[in-house]
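# Structure at a glance
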Amino acid sequence: MCGGDNADEGDNLRVWDPSRQGYTIYFYWAEDPANPGVGEDDGWYDASGSDLFDDCPENEDGLEPGYAFWYQSFGSKQPIVTMSGAVPPEDDVEIWIYGGSYSLIANPFPVNFQPNDSKAINWGKLTGGDNADEGDNIRIWSSERQGYTIYFYWAEDPSSPGAGEDDGWYDASGSDLFEDCEADGIKAGDAFWYQSMDK
């Protein structure tokens, strides 16, 4: 971990706020940048003020299950981040999707899931289309490629998504179903963008 006096020097957490379609940025401040985590006041601070992450009203419960964030490291070594916490005890975790915009989501459960598995996930109101410009999108980041793989929701009858036998999530660069491209599905803790085309 790398500590600094501002978001241009210390490691960053960038938490997506779907209601305003922008990030809230936190940076890691360390009394002694060579020994982060040792100082009494070391921690994550709001980049637009001087509040600790825990003291910001929107974070009183921490990051909710299913909400994702970016971690930007300024160190020369790749950080290994270990998170502890309880597995969500609920059978379901609700995540709000904002119509006509992007939401950054993470798989909150300790198992992988396939987006086309209706037993694992209920997407609610979907918009189907013939391509990624018309149907809802899932965008999965590849750190190896430093780019996204895009899947879109195709529906035989766009007015009744999910009713058609072949309705589902398809690779935007071809015609393969999600599970044919991503055999492991979306892994536990992995994040993805969801773009809703519903206005």
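## Remarks on the side chain of Gln195
Counting through the fold element by element, Gln195 comes out in strand 9 (residues 191-195). In this structure the side chain of Gln195 is engaged in a polar contact, spanning 3.5 Å, whose partner is the side chain of Tyr102. In this structure the side chain of Gln195 is engaged in a polar contact, spanning 3.5 Å, whose partner is the side chain of Arg139. Contact partners of Gln195, with chain neighbours within four places excluded, come to Ser101, Tyr102, Asp136, Asn137 and Arg139.

## So, the sheet that holds strand 1 (residues 12-17)
Strands sit in the order 3-2-1-4 across an open sheet of four strands; the sheet is antiparallel. Of all the strands in the sheet, just strand 3 (43-46) and strand 4 (69-72) have a single pairing partner and so form its edges. Averaged over all neighbouring strand pairs, the angle between strand axes comes to 30°, with direction disregarded. Of the pairings in the sheet, the one linking strand 2 (residues 22-29) to strand 3 comprises four bridges and is antiparallel in character. Across the sheet, residue Tyr28 finds its bridge partner in strand 3, namely Trp44.

## Comments concerning the environment of Ala47
For Ala47, the location among the structural elements is in the loop between strand 3 and strand 4. Sequence separation between Ala47 and Phe27 is 20 residues; the distance between their C-alpha atoms is 6.1 Å. Once residues within four sequence positions are removed from consideration, Ala47 is found in contact with Ala7, Ile25, Tyr26 and Phe27.

## Remarks on the pairing of strand 1
Pairing geometry for strand 1 and strand 2, over six bridges, is antiparallel. By the bridge assignment for strand 2, Asp17 is matched with Gly22. Once strand 1 ends, the chain turns through four residues before running back antiparallel as strand 2, passing Gln21 with a positive phi of about 55°. The pairing of strand 1 with strand 4 spans four bridges and is antiparallel. Bridged to Val15 within strand 4 is Phe69.

## Side note on the packing of aromatic side chains
The geometry of two aromatic rings is summed up by the distance between their centres and the angle between their planes. Scanning all chains against the criterion turns up 17 aromatic pairs. The interplanar angle of 80° and the centroid separation of 5.9 Å between the aromatic rings of Tyr102 and Trp193 together place this pair among those described as edge-to-face. Of the two residues, Tyr102 is situated in strand 5 (residues 102-106) and Trp193 in strand 9; the sequence distance between them amounts to 91 residues. An aromatic cluster of three or more residues is present, and its members are Trp123, Tyr153, Trp169, Phe192 and Tyr194.

## Description of the side chain of Asn12
By the element assignment, Asn12 lies in strand 1. There is a polar contact of 3.0 Å between the side chain of Asn12 and the backbone oxygen of Ala7. At a separation of 2.7 Å, a polar atom in the side chain of Asn12 contacts the main-chain carbonyl oxygen of Gly10. Setting aside anything within four residues of it in sequence, one finds Asn12 in contact with Ala7, Ile25, Tyr26, Phe27, Trp44, Trp70, Tyr71, Gln72 and Phe74.

Analysis parameters
- Residues numbered from 1 in each chain as written.
- Predicted model: local features only at pLDDT ≥ 70, side-chain atom pairs only at ≥ 80, totals over all residues.
- Heavy atoms only, no water.
- Helix = DSSP H or I, 4+ residues; strand = E, 2+ residues; numbered from the N terminus.
- Polar contact = N/O pair within 3.5 Å; in protein donor to acceptor, adjacent residues only side chain to side chain.
- Contact = heavy atoms within 4.5 Å.
- Pairing = 2+ DSSP bridges.
- Axes fitted to C-alpha atoms, helices over the stretch in contact; angles between N-to-C directions.
- Phe/Tyr/Trp six-rings, centres within 6.5 Å; stacked < 30°, edge-to-face > 60°.

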